[in-house]
Amino acid sequence: METMETMELTPDLFEPLDSAEKNSEFIAAEPRTYLSDAWHRFRKNKLALCGLVFLVIMVILAIVVPMVSPYTYDGMDYSSVNLLPCLEHPMGTDKFGRDILVRVMYGARISLMIGFSSALICLVIGVVYGGFSGYIGGKTDMILMRIVDILYAIPNLLLVILIMLVFGSNVTSIMIGICLTSWIGMARMVRAQVMSLKEQEFALAAYVLGASKSRILFKHLVINCMGSIIVNVTLLVPSAIFTEAFLSFVGIGISAPAASWGTLANEARSLIESSNPIQIIWPILAICLTMLSLNFIGDGVSDAFDPKKK
Amino acid sequence: MLRYTLKRLAVGILTLAALATITFFLMKIIPGSPFGGELAQLSPEVREMLYAQYNLDKSIPEQFLIYLQNAVTGDFGDSMTRKGTAVTTIIARCLPATMKLGLVAFIIAITVGVTLGIVAAFTKRKWVENLVMFVATIGISVPSFLYAMLLMIVFGVILGWLPIIGLKTPLHYIMPAFSLALYPISMITRLVRSSMKEVMKQDYIVLARSKGTPMIKVILGHALKNCLIPVVTYAGPLLAFLITGSFVIESLFSIPGIGSEFVNSVTNRDYTMIMALTILFGSFIIIVNILTDLLVAFIDPRVKLEKKAS
Amino acid sequence: MSLLEIKNLTTSFATEQGKVQAVRGISLSVEQGEIVGIVGESGSGKSQSMYSVMGLLSENGTIESGSILFDGQEISPVQFDGNAAAYEKLMEGIRGNSMSMIFQDPMSFLNPVLTIEKQLVEPLKNHKKMSAAELHQKAVELLTQVGIPSPEERLKQYPHQLSGGMRQRVIIAIALACNPKLIIADEPTTALDVTIQAKIIELIKELKEKTGSGVILITHDLGVVASACSRVYIMYGGKIVETGLADEIYYQPQHPYTSGLLACVNNPEEDTELRPIPGSPPDLIKPPAGCPFVDRCDKAMKICKMKMPPERKLSDTHAVCCWLTEKPASGKEGE
């Protein structure tokens, strides 16, 4: 810059500038699609990324460990009870001689399956129900929303318990119970967004161009509230896992010898004062770290989809 | 305002009726009987007497009508497992403990949560914010039974400072109340912080500052009211949840409350008890929802109550 | 002595992409009782330069250097050397009192959960000792002054119950509350209908006559400036590229950007075509070494790309920064 100051103003400097030397339309940022843009921002969040890595490892372990391990989740072995962690049993064994690693990983299967599948079911029901309600509007909307209001007044744990009374204490009935109440939040959110989006010009434009109603709803409106939908899903997974853990912990969820994380924590409860408290650590560690990862991922996702953070 | 409240109450009663109906018929299709094994040992006469006492000899629709008639007059029948005791008596005995504990936990959750949230939102030290947020994320990642167990081990067993069973003295409240409150504290902290940060970015904060209003007055006079709206929407259902009891915490601390009563009645298939408790929980939620909506309308003048009710 | 005298003000914002140099060393002055226009398109730094003066920059913004002399007092945060609390204390006494701001968007600048009265009396509460009755009395007066009918009722209402034009008037009333010496109006008409626009400009002119305050009118509309301002500053890419009396700017624009802006204004007397300026403003994360307008200028020369032109005084009031005016007499073929 200093040399510029003393630069001599020669006439050739006042020659017209070639248009090729101008860059009149500079592009401030590389064009990215909505999703890759969000992913780009998600990647910058270290905690969320750690959470994602941990979760992926957990899923792989949950699938692989019970398959390759020589032990089963309910195989008792009275010759090796209450073992401390060792080579054959990396997490030790419980009072029936069952391998804790296999049981924790089996629990991971149940807990993660409940978490992810109920979130998925809620996603589908919530989006379709809320989408239709908001898009059609009028009387249909009113009736659909009154139904939602009634369901909303039922405490969700209560409903889960009632469903389990009817269909028995198993994974399916827990999932039905969770799904029956959890889709409501999603449906309300989607309805509210669709209602405001359908008034906007682009929806009218699609209509004028002759797009069918269901196409407008799902290809134009729902896509536009995808950010909120994804954020909502990342909240549903941990809450479903929590619900199951609570129920199993008080003994009305998944029952022994099957093992979810809640059941394992419940079994470990009696061991608080026993000689071998290390057994409690594993299921607790598994559930806490998984929940922590899920919540970090959830935070990362909601930041990534926040339009104001661009 | 009054018209709106009455309208909502009317809808609420309809909702309760629907809830009662669904629960009643669900009870009827549940396999298994409250009299369980003992039934086989009873003579046919006694069995008939028992059936007649609980109207089980009539057809299901008839039973439902009788139940509704009695329920309207406040008679919810006798407990099936504790014969001769009206369920209302049992509820009246259990409810105060649960409500007291719930209210204490609720107050702790709101005060601590809002304070921490504001601290995290305004602190100039980045590490304070990060620490508060990290702890709050752990707070929503760990199931409450784990805190409860941890508190029990540390303060009850190892240090021996606090009693771990029952609810006799104020000291007894500390551990169960905090175990109940930790999750909502974390939730409210996160909510207040993000909502506060969002509000502080709004244009009307700039206008308030342009009047020469000191920052502290801007926060308390302009931002807090706006930031409380999402907190109130969360706190309403939370109150309902807390005063209807957390069965997990009650069962862990052996508190004779409504939550543990519910778990007992589920495991013992005490139908009359389940019915009464379902209706009780349902009414709590309905009332709290109405109060929440009224409070939100009070804080935010843009919310029009009448329109929402129609 | 000028009411406001800004020298070499530089303001930047820290963003994820890098440091945005929004205001790059501007100097301007405002006298008592005059309306000065600052004109430029969005992103030219005109609003941020005035937010800097008010000390209302968002958290990521900093004033890097420069002096701001207001009513004989130095109010630039640079002099406080990191003592943010002392600066804030000084500004709290000035803001809303002797210097106030009228904001752009009447929809978002009023707090939705507070009544009009509460928001209107706030500057009075901050700066004047008045009883509740006096405050109310003054609030009614202010609303009447800005032409809001039935002020008593309006005071009890919330912002969402008022129309856009009405809200803009409330914002003006808030700015006027303490009879400020300087009013900064940041695009006060942009969000409004054309008919209301004219009324608001008339209102600002009237109030200036009555109170004798200095007014800075920030706008992107040269038409608005023509009807209200005595002097004009044209801003582009964080710099002032031309300044002069309104007439000088209108009839003898020297900077190609000013000419371009004038071509965008519809003149009903001459049946000329509206000509938009092609291209977009420069990237202020990597501000150009030369003239910021070079990439969009149809008279651009080689030197424009290399070096920022110096300020050239054409008369006592008219000055411009453009290499065209520096051009040696010999090189005529560029025209």
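Conventions used here
- Residues numbered from 1 in each chain as written.
- Chains lettered and ligands numbered in written order.
- Predicted model: local features only at pLDDT ≥ 70, side-chain atom pairs only at ≥ 80, totals over all residues.
- UniProt positions renumbered as here; feature names shortened; annotations may be inferred.
- Helix = DSSP H or I, 4+ residues; strand = E, 2+ residues; numbered from the N terminus.
- Rg over C-alpha atoms; globule rule 2.2 N^0.38 Å.
- Buried ≥ 20, exposed ≤ 12 C-beta atoms within 10 Å, placed from the backbone.
- Contact = placed C-beta atoms within 7 Å.
- Pairing = 2+ DSSP bridges.
- Axes fitted to C-alpha atoms, helices over the stretch in contact; angles between N-to-C directions.
- Domains from an automatic or database assignment.
- Nonpolar A, V, L, I, M, F, W, Y, C, P; charged D, E, K, R; others polar.
- Expected span 1.5 Å × (residues − 1).

An unreviewed UniProt entry annotates chain C as ABC transporter ATP-binding protein originating from Hydrogenoanaerobacterium saccharovorans. Reading the Subcellular location (unreviewed entry) entry of the UniProt record for chain C gives the comment "Cell membrane". Taken directly from UniProt, the Sequence similarities (unreviewed entry) text for chain C runs: "Belongs to the ABC transporter superfamily."

Going by an unreviewed UniProt entry, chain B carries the name ABC transporter permease and comes from Hydrogenoanaerobacterium saccharovorans. According to the UniProt record, the Subcellular location (unreviewed entry) comment for chain B reads "Cell membrane". Regarding chain B, the relevant UniProt record gives this comment under Sequence similarities (unreviewed entry): "Belongs to the binding-protein-dependent transport system permease family."

Caption draft 1: Spatial organisation of the overall build of chain C. Tallying secondary structure elements over chain C gives twelve helices and twelve strands in all. In terms of C-alpha radius of gyration, chain C reaches 21 Å, essentially the compact-globule figure of 20 Å for 335 residues. Summarising its shape, the C-alpha atoms of chain C cover approximately 75 × 55 × 40 Å along the three principal directions. Within the span of chain C, comprising 335 residues, buried residues form 47% of the whole. For chain C, long-range pairs separated by at least 24 residues make up 64% of all intrachain contacts whose partners lie at least 6 apart in sequence.

Caption draft 2: Representation of unusual backbone geometry within the structure. All names here are of chain C. The backbone phi angle of Asn8 is positive, close to 50 degrees, even though this residue is not glycine. Relative to the elements of secondary structure, Asn8 occurs in strand 1 (residues 4-15). Taking the number of C-beta atoms within 10 Å as the measure of exposure, Asn8 has 13 and is therefore partly exposed. Positive phi, normally seen in glycine, also occurs at Asp71, with a value near 55 degrees. Tracing the backbone through its elements, the reader meets Asp71 in the loop between strand 4 (61-70) and strand 5 (73-74).

Caption draft 3: View of the UniProt feature "transmembrane region" (unreviewed entry) in chain B. Residues and elements named next belong to chain B. UniProt tags residues 9-30, 101-122, 134-161, 173-192, 227-253 and 273-299 as "transmembrane region" (unreviewed entry). Split by type, residues 101-122 is 100% helix and 0% strand. Its first and last C-alpha atoms lie 32 Å apart. Across residues 273-299 one finds 100% helix and 0% strand; the C-alpha atoms that close the span lie 39 Å apart.

Caption draft 4: View of the interface of chain B and chain C. Every contact between the two is made by 19 residues of chain B and, on the other side, 25 residues of chain C. Among the secondary structure elements, those contributing two or more residues to the side of chain B that touches chain C are helix 9 (203-210) and helix 10 (215-243) of chain B. The biggest single contributor to the side of chain B that touches chain C is helix 9 of chain B, with seven residues.

Caption draft 5: Molecular detail of the sheet that holds strand 10 (residues 239-245) of chain C. Residues and elements named next belong to chain C. Overall, mixed pairing links the eight strands, which are arranged 6-7-8-3-9-10-12-11 in an open sheet. At either margin of the open sheet sits one strand with a lone partner, and together these are strand 6 (99-102) and strand 11 (311-313). Neighbouring strand axes in the sheet, compared pairwise and without regard to direction, differ in orientation by 20 degrees on average. Relative to strand 12 (residues 319-321), strand 10 runs antiparallel, the two being bridged by two bridges. Its bridge partner lying in strand 12, Glu242 is registered against Val320.

Caption draft 6: Main features of the pairing of strand 1 of chain C. All names here are of chain C. When strand 1 meets strand 2 (residues 18-30), the two strands line up antiparallel, connected through ten bridges. Looking at strand 2, one finds that Glu5 is bridged to Ser29. The hairpin turn running from strand 1 into strand 2, its antiparallel successor, is two residues long. Taken together, the eight bridges between strand 1 and strand 4 define a ladder with antiparallel strand orientation. Looking across to strand 4, one finds that Lys7 is bridged to Ser67.

Caption draft 7: Structural detail: the domain arrangement of chain C. Residue and element names in this part refer to chain C. Segmenting chain C into domains produces domain 1 (4-98 + 178-325) and domain 2 (106-177). Inter-centroid distance (C-alpha atoms) of domain 1 to domain 2 is 28 Å. With four residues, helix 7 (residues 194-211) is the single largest residue contributor to the side of domain 1 that touches domain 2. Here the side of domain 1 that touches domain 2 is composed, by residue class, of ten nonpolar, two polar and no charged.

Caption draft 8: Focus on helix 1 (residues 46-54) of chain C. All names here are of chain C. The buried fraction of helix 1 amounts to eight of the nine residues, a majority that puts the element mostly inside the structure. What helix 1 keeps buried is the set Lys46, Ser47, Gln48, Ser49, Tyr51, Ser52, Val53 and Met54. Directly after helix 1, the chain includes Gly55, whose backbone phi takes a positive value near 70 degrees.

Caption draft 9: Spotlight on the sheet that holds strand 5 of chain C. Residue and element names in this part refer to chain C. Overall, antiparallel pairing links the four strands, which are arranged 2-1-4-5 in an open sheet. Each having just a single partner strand, strand 2 and strand 5 make up the two edges of the open sheet. In this sheet, strand 5 lies alongside strand 4 in antiparallel orientation, the contact comprising two bridges. Following the sheet pairing, Phe70 is matched in strand 5 by Gln73. The sheet strands contacting helix 1 are strand 1, strand 2 and strand 4, and the helix crosses strand 1 at an angle near 105 degrees.

Caption draft 10: Up close: the environment of A:Gly253. Residues and elements named next belong to chain A. By secondary structure assignment, the location of Gly253 is in the loop between helix 10 (226-250) and helix 11 (261-269). The class for Gly253 is buried, based on 27 C-beta atoms found within 10 Å. Distance in space between the C-alpha atoms of Gly253 and Ser169 is 5.7 Å, their sequence separation being 84 residues. Excluding anything up to four places from it in sequence, Gly253 contacts Ser169, Ile174, Glu244, Leu247, Ser248, Ser260, Gly262 and Thr263.

Caption draft 11: A look at helix 6 (residues 164-176) of chain C. Residues and elements named next belong to chain C. Given a rise of 1.5 Å per residue, 13 residues ought to cover 18 Å, and the 18 Å separating the end C-alpha atoms of helix 6 matches this to within 8%. Most of helix 6 sits out of view: twelve of its 13 residues are buried. Along its buried surface, helix 6 packs onto strand 6, helix 3 (116-127), helix 4 (132-145), strand 7 (182-186) and helix 7.

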